[in-house]
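What follows is each chain in one-letter form.
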Amino acid sequence: MVDSSGHTEKMANLFDKLSDSYDEVGVDFFQPIAASLLKSMPPTQGERWLDIGCGRGAVLLPVAQSIGQHGLAVGIDIASGMVEHARRLALQAGLRNVEYEVDDAQSPATVKGPFDTISSSLVLFFLADPLAALRNWRPLLKPGGRIGITTFGANDPRWAEVDEVFKPHLPPEMKDARTSGKGGPFASDEGVEKLLLDSGFTEVRTESTTIKVRFADAQQWYDFTWSVGQRMMWLAIPEHSRAEVRMDAESRLVRYAEADGSITFTQGIRKTFGIRPVYQ
Ligand SMILES: C[S@@+](CC[C@H](N)C(=O)[O-])C[C@H]1O[C@@H](n2cnc3c(N)ncnc32)[C@H](O)[C@@H]1O
């Protein structure tokens, strides 16, 4: 078993700090990914749904809208700032069928199953031991219940070229945060499918999609990088070197700018699904 407490605390701090700007800088990113997941796994009236690593509710809130007043949508996240924003947004939307807990996805302690569905969008690769986490999630589903997760698929080579500027400054384990390394489980469809199979899910399958990510200008790209997990890369760079790294990134970004100054990259999204077998 991995001792993940230090890692989990780091993630909680990171996402707490960025929770006010997360999904607030005007770049469509988390909503289209959540919408794509839900298109493949439509919520039904009356479901009990658990969203793990719910953030500000990109998946959780549309689920709550869809399952109706007799359904229940539960969101857990390690960052209390994220949970507070999800709670506020749900209140603003008049949703009463949502519950939240600050809890560790590695080993959720506060939620009681069984749930009909578990979702987790762009979370698993942040965990110290994704396989152990999935093994802990499975008993929270009812037999025959479904799970759907998103991770990152193919990266736009132009975007990768911009992200290259961070690499000389990063510790080895941070170099490929989106996939946990080219040999890691998040580098391929098969790798993620194997995680689900090895944790006892069945009927495991992958769907892929690509979203377009538009930055109005280099400033918006910069703001975006501080508002998402990539913030940890900036923090790994000594403060006195950040301006230089930013200039390097922006000189690469302008090569891909449209006439109006905007830059549009693509991002592959992998959606992996499974079922808790009825006999387990
Ligand atoms: C990229 S965000 C995705 C949030 C949300 N699912 C969405 O699609 O917008 C990753 C989320 O995972 C959460 N997270 C990271 N490590 C976690 C852990 N150990 N337990 C629970 N949540 C965690 C973060 O706080 C953050 O809200």
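Residues numbered from 1 in each chain as written. Predicted model: local features only at pLDDT ≥ 70, side-chain atom pairs only at ≥ 80, totals over all residues.

A. Main features of the pairing of strand β2 (residues 72-77). β2 sits mainly inside the fold: 5 of its 6 residues count as buried. With 5 bridges connecting them, strand β1 (residues 48-52) and β2 associate as parallel partners. Across the sheet, the residue bridging to R48 is L72, located in β2. Regarding the hand of the β-α-β motif, the stretch spanning β1, helix α3 (residues 60-67) and β2 is right-handed. Pairing of β2 with strand β3 (residues 98-102) involves 5 bridges; the strand directions are parallel. When the bridges of β3 are listed, I76 appears paired with E101. Between the parallel elements β2 and β3, the chain passes through helix α4 (residues 80-92) in a crossover that is right-handed. (Buried ≥ 20, exposed ≤ 12 C-beta atoms within 10 Å, placed from the backbone. Helix = DSSP H or I, 4+ residues; strand = E, 2+ residues; numbered from the N terminus. Pairing = 2+ DSSP bridges. Right-handed = clockwise from strand over helix to strand, strands pointing away.)

B. Representation of the pairing of strand β5 (residues 141-155). In this sheet, β5 lies alongside strand β4 (residues 115-121) in parallel orientation, the contact comprising 6 bridges. What sits directly across from S120, in β5, is I149. Crossover β4 to β5 through helix α5 (residues 130-137) is right-handed. Bridge analysis of β5 against strand β7 (residues 263-275) gives 8 bridges, and the strand direction is antiparallel. Of the residues in β7, the one forming a bridge with T151 is R270.

C. Geometry of the site of the ligand. F15, G53, G55, I78 and A105 are the nearest of the 23 residues found near the ligand. Taken together, the elements giving at least two residues each to the shell around the ligand come down to α1 (5-18) and α2 (30-40). If you tally residues by element for the shell around the ligand, the top one is α1, at 3 residues. When grouped by side-chain class, the residues that make up the shell around the ligand number 15 nonpolar, 6 polar and 2 charged. (Near = placed C-beta within 6 Å. Nonpolar A, V, L, I, M, F, W, Y, C, P; charged D, E, K, R; others polar.)

D. The arrangement of the packing of α5 against helix α7 (residues 189-198) in detail. Two elements in contact, α5 and α7, have axes separated by 8 Å at closest approach and are oriented at 45°. Between α5 and α7, the interaxial angle falls into the category oblique. With respect to the hand of their crossing, α5 and α7 are arranged in right-handed fashion. Facing P130, L131 and L134 of α5, the residues of α7 in contact are L195, L196 and D198. Class assignment of the residues belonging to the contact of α5 with α7 gives a composition of 5 nonpolar, no polar and 1 charged. (Axes fitted to C-alpha atoms, helices over the stretch in contact; angles between N-to-C directions. Parallel < 35°, antiparallel > 145°, perpendicular 65-115°, else oblique. Left-handed = near helix turned anticlockwise from the far one by under 90°. Contact = placed C-beta atoms within 7 Å.)

E. Representation of the environment of R231 in the model. Within the element layout of this structure, R231 appears in helix α9 (residues 231-236). For the pair R231 and E193, spaced 38 residues apart in sequence, the C-alpha separation works out to 28 Å. Setting aside its immediate chain neighbours within four residues, R231 contacts L14, L18, T225 and W226.

F. Geometry of unusual backbone geometry. Note the cis peptide between G113 and P114, where omega equals 0°. Turning to its location among the elements, P114 is positioned in the loop between β3 and β4. A positive phi angle is found at L122, which is not glycine, with a value near 60°. Assignment of secondary structure puts L122 in the loop between β4 and α5. Here E203, not a glycine, exhibits a phi torsion of approximately 50°, which is positive. Mapped onto the elements, E203 comes out in strand β6 (residues 202-215). What makes E203 exposed here is the crowd of 12 C-beta atoms within 10 Å.

G. The environment of P130, seen in detail. Of note, P130 is situated in helix α5. As for P130 and V192, which are separated by 62 residues in sequence, their C-alpha atoms are 9.8 Å apart. Residues contacting P130, with those up to four places away along its chain left out, are L124, F125, P185 and L195.

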